[in-house]
Amino acid sequence: MEVVELKQKERWRVFFNEGLWQAGLYRPEHENIKEIEVLERHNAPELFYLIKGNIVLVIGENGKIREVGMEAGKAYIVEEWHNAYRPEGTEGLALVIERTNIRTEFKPISEFQR
């Protein structure tokens, strides 16, 4: 058995990788939507689960931006263009589960309407 302490200071850390799946801790580096320059999209969905704090997912779909405040006790399955921020730099940490063999595309946030 391995016990993983769920806290960190870096943006992304994979702590489990087995076959086609990996789990990691995600701490958004941005403090507001104005700091975000690009959104990313993978060729497979990924799951986000808020562990603690405050995280806002920035979703790009149908040419528009939508901000979704994550809530405790809910899993967010994301297939759209996305990024995230911690409002005003507050604490925020999420568990992310994703495929190991994903491809990632990037698109400037300026290509979406707010």
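Our structure is the block above this text.
Just so it is clear, the structure is predicted and the values come from calculations on it, not from any experiment. (Residues numbered from 1 in each chain as written. Predicted model: local features only at pLDDT ≥ 70, side-chain atom pairs only at ≥ 80, totals over all residues. Heavy atoms only, no water.)

**Considerations on unusual backbone geometry**
Inference 1: With a phi angle near 55°, Asn62 is a residue other than glycine that sits in the positive phi range.
Inference 2: Of note, Asn62 is situated in the loop between β5 (56-61) and β6 (64-69).
Inference 3: Among the residues examined, Asn62 registers a relative accessible area of 76% and is labelled exposed.
Inference 4: One non-glycine residue, Glu88, lies in positive phi territory at about 55°. (Helix = DSSP H or I, 4+ residues; strand = E, 2+ residues; numbered from the N terminus. Buried < 20%, exposed > 50% of the residue type's maximum accessible area, 1.4 Å probe, protein only.)

**A closer look at the side chain of Glu98**
Inference 1: Locating Glu98 in the fold gives a position in strand β9 (residues 92-99).
Inference 2: No salt bridge forms around the buried Glu98; measuring N to O, its nearest opposite-charge neighbour Arg11 is 8.8 Å away.
Inference 3: Within the local environment of Glu98, its side chain forms a polar contact with the side chain of Gln22, the two groups lying 2.7 Å apart.
Inference 4: Beyond its immediate stretch of four places on either side in the chain, Glu98 contacts Trp12, Leu20, Trp21, Gln22, His42 and Glu46. (Lys, Arg positive; Asp, Glu negative; His and termini not counted. Salt bridge = Lys/Arg side-chain N within 4 Å of Asp/Glu carboxyl O. Polar contact = N/O pair within 3.5 Å; in protein donor to acceptor, adjacent residues only side chain to side chain. Contact = heavy atoms within 4.5 Å.)

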